[in-house]
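Summary of the model geometry
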Amino acid sequence: ADLMLIDLMFQTGKVDEVKAKITAALGDAKTSEQQKARLAVYQIAIDAQAPDAKIDEVIKKLDDAIARSTDNAIKAVAYNIMGDCYMRKERKREAMWSYLWVDVVYSQDRGEHIKAMSKLLKYFEDEKDVEKANLYKEKLARFK
C-alpha cells in the first residue's frame, strides 16, 4: 500500500512528501528487498526533478537499476520514469522508446503498462500519427 501511495504522490508532484515516505520506508525493517529496489528507483526519479539534474546521469542510474533487477515490475517503473525524464528535457523520441519497452516487454505490471500506453497515446497524438494514436486508444479501451 505504501508503494502505491508513493507512486500516486509522485505522479501528483508531491516531491517532499514522497522523499519523507521513501526515507521512512527504507528505514523500516519490514521493507523487503524488492520494495527497497522499487523505492530506489523512485529516489532516482525524485533526484531527476531537481532543477540542476543532469539527464544523462539520471538515465545511467536508471539503466543500472534496470540491469540489476530481475523483477519486471521494477524495470517497468524505471523505464516509465526514464521516459518522463526524457519528456521533461524535450527528448520525445527517446521517451517514446522507453515507454515502448514497458508496453511491449515489461507489461506485467498493469498500472505501469497503462501509464506507458497513455503516454504513448499522447506522444503519437502530438506527432500527428493518427494510425498509432488510434491503436493506443483501442489498447487502452480494452484495459478498462
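Residues numbered from 1 in each chain as written. Predicted model: local features only at pLDDT ≥ 70, side-chain atom pairs only at ≥ 80, totals over all residues. Heavy atoms only, no water.

**Focus: the overall build of the protein chain**
Counting secondary structure elements, the protein chain contains 8 helices and 0 strands. From first element to last, N terminus to C terminus, the protein chain shows the α and β order α-α-α-α-α-α-α-α. The dimensions of the protein chain, computed from C-alpha atoms along their principal axes, are 50 × 35 × 30 Å. Across the 144 residues that make up the protein chain, the buried fraction comes to 42%. In the protein chain, 51% of the contacts between residues at least 6 apart in sequence involve partners at least 24 apart. Element-wise, carbon and sulfur atoms account for 54% of the exposed surface of the protein chain, whose accessible area totals about 8,300 Å². Treating the 26 positive side-chain charges of the protein chain as one cloud and the 25 negative ones as another, the clouds have centres 1 Å apart. (Helix = DSSP H or I, 4+ residues; strand = E, 2+ residues; numbered from the N terminus. Buried < 20%, exposed > 50% of the residue type's maximum accessible area, 1.4 Å probe, protein only. Contact = heavy atoms within 4.5 Å. Areas by Shrake-Rupley, 256 points an atom, 1.4 Å probe, with all protein chains shown as cover. Lys, Arg positive; Asp, Glu negative; His and termini not counted. Charge placed at Lys NZ, Arg CZ, Asp CG, Glu CD.)

**What about the packing of helix α7 (residues 110-126) against helix α8 (residues 130-143)?**
Running from N to C, α7 and α8 cross one another at 155 degrees; their axes reach a closest spacing of 8 Å. It follows that α7 is roughly antiparallel to α8 by the angle criterion. Of the two elements, α7 crosses α8, and the hand of that crossing is left-handed. Taken together, the residues of α8 that come into contact with α7 (itself represented by Arg-110, His-113, Ile-114, Met-117, Ser-118, Leu-120, Leu-121, Phe-124 and Glu-125) are Lys-132, Ala-133, Tyr-136, Lys-137, Lys-139, Leu-140 and Phe-143. The residue inventory of the contact of α7 with α8, partitioned by class, reads 9 nonpolar, 2 polar and 5 charged. (Axes fitted to C-alpha atoms, helices over the stretch in contact; angles between N-to-C directions. Parallel < 35°, antiparallel > 145°, perpendicular 65-115°, else oblique. Left-handed = near helix turned anticlockwise from the far one by under 90°. Nonpolar A, V, L, I, M, F, W, Y, C, P; charged D, E, K, R; others polar.)

**What to know about the packing of aromatic side chains**
Tallied over the entire structure, the rule returns 5 aromatic pairs. Residues Trp-101 and Tyr-106 carry aromatic rings whose centres are separated by 6.1 Å and whose planes lie at 20 degrees to one another, so their mutual orientation is stacked. What makes Trp-101 partly exposed here is its relative accessible area of 38%. Accessibility expressed as a relative area gives 11% for Tyr-106, which makes it buried. Centroid distance Tyr-123 to Phe-124: 5.1 Å. Interplanar angle 70 degrees. Geometry classified as edge-to-face. As far as the burial class goes, Tyr-123 and Phe-124 line up, both buried. (Phe/Tyr/Trp six-rings, centres within 6.5 Å; stacked < 30°, edge-to-face > 60°.)

**Quick word on the side chain of Asn-80**
Relative to the elements of secondary structure, Asn-80 occurs in helix α5 (residues 72-88). Taking the relative accessible area as the measure of exposure, Asn-80 reaches 2% and is therefore buried. At a separation of 2.8 Å, a polar atom in the side chain of Asn-80 contacts the side chain of Glu-112. Among all residues touching Asn-80, those that are not within four sequence positions of it are Tyr-99, Val-102, Glu-112, Lys-115 and Ala-116. (Polar contact = N/O pair within 3.5 Å; in protein donor to acceptor, adjacent residues only side chain to side chain.)

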